[in-house]
Amino acid sequence: MTDKNVASADPIVQAIRAAVRAEVREAVAEAIASHLTAGDQWLALRDAGVSVKTLRSAIKSGALPARKVGRSLMVRRADLDAWLERRPLRTPTPTVAPGEDPIAAALAAGKLRVVR
């Protein structure tokens, strides 16, 4: 075994290389994102404040434009804000009328049973 093979098999060296690769990828993505369009703020999906799964779904459906930078998808802050404004808010539908006993309603609907 040569010295090069010994160094590359060392778990510490591998961990350092992986950390350096991750840092370089992030720095490159940030540098590219900062130059995508002057004046626009670009965000990685993980930094957008919305579930990544939800954002990917919106991008796939065409509702939210995005650009791929390296391995990361980036969205413009303005596009994200506009998409969030267009989204309908989901309000929970009340399952019990105001003033009604929730346990009595669940029993009547067959969603609850009494075990003795």
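In this report, we go over the structure that sits alongside the text. Since we're looking at a predicted model, the values are computed, not measured. (Residues numbered from 1 in each chain as written. Predicted model: local features only at pLDDT ≥ 70, side-chain atom pairs only at ≥ 80, totals over all residues. Heavy atoms only, no water.)

**Topic: a negative patch on the surface**
Residues Glu23, Glu26, Glu30 and Asp47 make up a contiguous surface patch of negative charge. Along the polypeptide, Asp47 turns up in the loop between β1 (42-44) and α3 (52-61). (Patch = residues over 30% accessible without salt bridge, like charges linked within 9 Å, V, L, I, M, F, W, Y side chains within 5 Å. Areas by Shrake-Rupley, 256 points an atom, 1.4 Å probe, with all protein chains shown as cover. Salt bridge = Lys/Arg side-chain N within 4 Å of Asp/Glu carboxyl O. Lys, Arg positive; Asp, Glu negative; His and termini not counted. Charge placed at Lys NZ, Arg CZ, Asp CG, Glu CD. Helix = DSSP H or I, 4+ residues; strand = E, 2+ residues; numbered from the N terminus.)

**A short note on the side chain of Asp79**
Inspection of the secondary structure assignment puts Asp79 in helix α4 (residues 77-86). Judged by its relative accessible area of 18%, Asp79 falls in the buried class. Each residue touching Asp79, except ones within four places of it in the same chain, is listed here: Leu64 and Pro65. (Buried < 20%, exposed > 50% of the residue type's maximum accessible area, 1.4 Å probe, protein only. Contact = heavy atoms within 4.5 Å.)

**With respect to the sheet that holds strand β3 (residues 72-76)**
In a beta sheet, neighbouring strands pair by backbone hydrogen bonds and run either parallel or antiparallel. Taken together, the three strands give an open sheet; going across it, the order is β1-β3-β2, and neighbouring strands pair in antiparallel fashion. Each edge of the sheet is formed by a strand with only one pairing partner; in this case those strands are β1 and β2 (67-69). Sheet twist, expressed as the mean angle between neighbouring strand axes with direction ignored, is 40°. As paired strands, β1 and β3 are joined by three bridges and run antiparallel to one another. By the bridge assignment for β3, Leu43 is matched with Val75. With respect to the sheet, α4 is in contact with β1 and β3, its orientation differing from that of β3 by roughly 75°. (Pairing = 2+ DSSP bridges. Axes fitted to C-alpha atoms, helices over the stretch in contact; angles between N-to-C directions.)

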